[in-house]
Amino acid sequence: MNSTIDLEKINKHLNLQKNVMPCGDVYDGYDPPYDLTKEDFDLMLPLLEKSLFNSGYKIPDYSLFKQKIQEGFGVDIDIIKENVIILYYNDKYKLLNNYVYGNKYNLCISNLLINKEKRIITPMIFLSDLIKIKNFKTQDYDILQDLKVLSLNKLEFCAAIL
């Protein structure tokens, strides 16, 4: 795990994410409303990775990861050139990378993001669910666990590893 945690950027995005409209709500004056972006995902991933490792998650080898993604979602990750594979759920998972459908990083859409390099599967998560910054200037923070993502990754891969 050699991901950088940029607390200054995370702190900025924590504040931006306060203006994300809750799922199913009509716009009611968030000033301005904020849509999650790839930058939010890129900030989330090292936090999620650290959270998983803190909970004992072990990265599966690539061949096992590829096999489990193929079995679970019917996707051959080798034919996708992007490092992050986006699956959209509507009755079953469909590849979203080459399909334009709203905001790929929307919390309210049942997207799963599969990172081939990190070998992690996750939905989009608020940064506030993964980190508590005590003081970003002194790099004082706590990593929080997301039990759903931990369970998703451990169930998918740990049984095969053990």
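What this report covers is the structure whose coordinates are included nearby.

Conventions used here
- Residues numbered from 1 in each chain as written.
- Predicted model: local features only at pLDDT ≥ 70, side-chain atom pairs only at ≥ 80, totals over all residues.
- Heavy atoms only, no water.
- Helix = DSSP H or I, 4+ residues; strand = E, 2+ residues; numbered from the N terminus.
- Buried < 20%, exposed > 50% of the residue type's maximum accessible area, 1.4 Å probe, protein only.
- Lys, Arg positive; Asp, Glu negative; His and termini not counted.
- Salt bridge = Lys/Arg side-chain N within 4 Å of Asp/Glu carboxyl O.
- Polar contact = N/O pair within 3.5 Å; in protein donor to acceptor, adjacent residues only side chain to side chain.
- Contact = heavy atoms within 4.5 Å.
- Core = buried A, V, L, I, M, F, W, Y, C linked by side-chain atoms within 4.5 Å.

### Considering the side chain of Asp-146
- Checked against the element boundaries, Asp-146 lands in the loop between β6 (140-143) and α4 (147-161).
- For the buried Asp-146, no salt bridge exists, and the shortest N-O distance to an oppositely charged side chain is 6.6 Å, to Lys-148.
- Only 3.0 Å separates the side chain of Asp-146 from the backbone nitrogen of Val-149, close enough to count as a polar contact.
- When residues no more than four places from it in sequence are discounted, the contact partners of Asp-146 are Ser-51, Ile-125 and Leu-130.

### Comments concerning the side chain of Asn-153
- Within the fold, Asn-153 resides in helix α4.
- A relative accessible area of 0% means that Asn-153 is categorised as buried.
- Looking at Asn-153, its side chain comes within polar contact range of the main-chain oxygen of Ile-121, at 2.8 Å.
- Only 2.9 Å separates the side chain of Asn-153 from the backbone oxygen of Val-149, close enough to count as a polar contact.

### So, the pattern of salt bridges
- Per the counting criterion, the structure on display carries seven salt bridges.
- Of the charged contacts, one joins Lys-66 and Asp-78 as a salt bridge, the two residues approaching to 2.6 Å between their closest N and O atoms. Note that Lys-66 is positioned in helix α3 (residues 62-73) and Asp-78 in the loop between α3 and β1 (84-90), a separation of twelve residues in sequence.
- Note on Asp-78: relative accessible area 43%, which makes it partly exposed.
- Between Lys-68 and Glu-71 there is a salt bridge whose closest N-O contact spans 3.8 Å. Of this pair, Lys-68 and Glu-71 both sit in helix α3, three residues apart, which is roughly one turn of the helix.
- Under the relative-accessibility criterion, Glu-71 is labelled exposed at 51%.

### Some words on the nonpolar core
- Core analysis: the largest hydrophobic core is formed by 30 residues, its most contacted members being Ile-10, Phe-41, Met-44, Leu-47, Leu-48 and Ile-131.
- If you list the elements that add at least two residues to this core, you get α1 (7-17), α2 (38-54), β1, β5 (131-135), β6 and α4.
- Per-element accounting of this core gives the leading share, seven residues, to α2.
- Ignoring anything within four residues of it in the chain, the contact list for Ile-131 reads Leu-7, Ile-10, Leu-14, Leu-47, Tyr-141, Asp-142 and Leu-144.

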